[in-house]
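Here is how the chains run, residue by residue.
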Amino acid sequence: MVITQVSGTLRDDVRDLTRRWRDEGRFVPRCDSWVRSFDLAFSKELADRGLIGMTWPTEFGGAARTNVERLEVTEELLRAGAPVAAHWIADRQIGPAILRHGSRALQQEILPGIASADYLFCLGMSEPEAGSDLASVRTFATRVDGGWTIKGRKIWTSGAHRATHAYVLARTERCEKKHKGLSEFVVDMDSPGIEVSPIVDMSGEHHFNEVLFDNVFVPSHRLIGTEGNGWRQVVEQLSFERGGPERVLSTYPLLVEILASPELGLSREELGRIVARLAVLRRLCRLVAQELDRGCAPMQEAATLKLLGNTFERDVIELARSALSARDRGLGSSFAQALLASPGFSIRGGAADVLLSIIAKQEAQP
Ligand SMILES: Cc1cc2nc3c(=O)[nH]c(=O)nc-3n(C[C@H](O)[C@H](O)[C@H](O)COP(=O)(O)OP(=O)(O)OC[C@H]3O[C@@H](n4cnc5c(N)ncnc54)[C@H](O)[C@@H]3O)c2cc1C
């Protein structure tokens, strides 16, 4: 195994849990499990152990742990290829966004439900004409008596067909500057006017969707933070989205398979290089977690981590191409899972070119 630094019982507990579930045949380790492996019972077990929303205050169902401790947990879950998709988005970014910007009423209403794995979130950011250029969203929220009605179309919405709630970035005012007049909402997925249509990806799997909002009513208190401040808030949220170990470890189960291969056709240099890169990336993950613990939103560090992490994930696939036999690279193998998921690695959560711009702009600052 590549990750061997054990820092205490938290990591051991997660290892024991995933080993038990795997040995009982309750899941099969797989690549990209944080998007593609959904098992509500597993998420509930994590919730029962206080491992969802673990950095949040106890009054909201959290365990008041640090982000560095959370990193130990998320690393172990990804490393095991465990079925974590049910709670991943809510735990990673919606909870923290509500904790930072939501009203106390919204925090009380939503956070305990996420921590208990009763509330599952999907992420309604991208639209047909707004991906990299997220500020171009056209979905519009109009003020009505007691709240808002949302009208628009979101796309590539992972897990929308199973989510109980959606995070929605919408325009609440038409401004000359497109970064102004945006707001964030929490929407019940069973609200009248929501239509979810599946999009099957090239691996034949259904994880993302198109979601139509046709005058969907959202009560006033479901606004996250301040009306019109959505851009500043969502940019902060992107550092939670980009700065975690899932941007490095999507192909880790394949790496384990490479190293376990009896006919390992790799040189010591090749092995040393990939393991050293992993060590550096883990340090970056830790740096981001430490910054989050200091209350910062490390945008540039998270962009750097995602850019380098996605390259690592793809290079593991290339390594497998030369290290594994053709039989071990067949349909249904970890290699096939990783290869078919890989076009999305450097697109989801921010395309590589866009991340390069973010990093370059930081370098340009005095
Ligand atoms: C597996 C997967 C899951 C996803 N899940 C979700 C989800 O749950 N919720 C959600 O809201 N979205 C989700 N997305 C959408 C994702 O965030 C967008 O695909 C991404 O932001 C890119 O937007 P786009 O597809 O519109 O591509 P575009 O914005 O059209 O970009 C296409 C390409 O053009 C280039 N480009 C664009 N703009 C620039 C620029 N400014 N500078 C340099 N080059 C540029 C880049 O090379 C980019 O790859 C998911 C995507 C994938 C692949």
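Residues numbered from 1 in each chain as written. Predicted model: local features only at pLDDT ≥ 70, side-chain atom pairs only at ≥ 80, totals over all residues. Heavy atoms only, no water.

- The name given to the protein in an unreviewed UniProt entry is Acyl-CoA dehydrogenase family protein, and the organism recorded there is Rhodococcus olei.
- UniProt lists a comment for the protein under the heading Sequence similarities (unreviewed entry), and it reads "Belongs to the acyl-CoA dehydrogenase family." (UniProt positions renumbered as here; feature names shortened; annotations may be inferred.)

As for the site of the ligand
Piece 1. Not every one of the 17 residues close to the ligand is listed here, only the nearest: Leu123, Ser126, Ser132, Trp156 and Asp353.
Piece 2. Serine 158 is positioned such that a nitrogen or oxygen atom in its backbone is 2.9 Å from an oxygen atom of the ligand.
Piece 3. With respect to the ligand, the side chain of aspartate 353 contributes an N or O atom lying 2.4 Å from an oxygen atom.
Piece 4. For the ligand, whose unbound accessible area comes to 970 Å², protein coverage reaches 64%.
Piece 5. Tallied by class, residues from the shell around the ligand come to seven nonpolar, eight polar and two charged.
Piece 6. A domain-level breakdown of the shell around the ligand finds at least three residues from each of domain 2 (121-229) and domain 3 (243-360). (Near = heavy atom within 4 Å. Polar contact = N/O pair within 3.5 Å; in protein donor to acceptor, adjacent residues only side chain to side chain. Areas by Shrake-Rupley, 256 points an atom, 1.4 Å probe, with all protein chains shown as cover. Nonpolar A, V, L, I, M, F, W, Y, C, P; charged D, E, K, R; others polar. Domains from an automatic or database assignment.)

Re the domain arrangement of the protein
Piece 1. Split by domain assignment, the protein resolves into domain 1 (11-115), domain 2 (121-229) and domain 3 (243-360).
Piece 2. Facing the 19 residues of domain 1 at the interface are 25 residues of domain 3.
Piece 3. Together, the buried faces of domain 1 and domain 3 total about 1,900 Å²; carbon and sulfur atoms form 56% of this surface.
Piece 4. Viewed at the interface, domain 3 and domain 1 are joined by three salt bridges.
Piece 5. One salt bridge connects arginine 348 with aspartate 32, and the closest N-O pair in it is separated by 2.8 Å.
Piece 6. Between the two partners, domain 1 and domain 3, sit 12 residue pairs in polar contact (both at pLDDT 80 or more).
Piece 7. Of all the elements in the fold, those that place two or more residues in the side of domain 1 that touches domain 3 are α2 (33-36), α4 (67-79) and α5 (85-101).
Piece 8. Its residues assigned to classes, the side of domain 1 that touches domain 3 comprises seven nonpolar, four polar and eight charged. (Contact = heavy atoms within 4.5 Å. Buried area = accessible area lost by both parts, 1.4 Å probe. Salt bridge = Lys/Arg side-chain N within 4 Å of Asp/Glu carboxyl O. Helix = DSSP H or I, 4+ residues; strand = E, 2+ residues; numbered from the N terminus.)

Section: the environment of arginine 100
Piece 1. Secondary-structure assignment places arginine 100 in helix α5.
Piece 2. Residues arginine 100 and valine 168, 68 residues apart in the sequence, show an inter-C-alpha distance of 17 Å.
Piece 3. When residues no more than four places from it in sequence are discounted, the contact partners of arginine 100 are Glu236, Phe240, Leu292, Gly295, Cys296 and Ala297.
Piece 4. A distance of 2.9 Å separates a polar atom in the side chain of arginine 100 from the backbone oxygen of cysteine 296.

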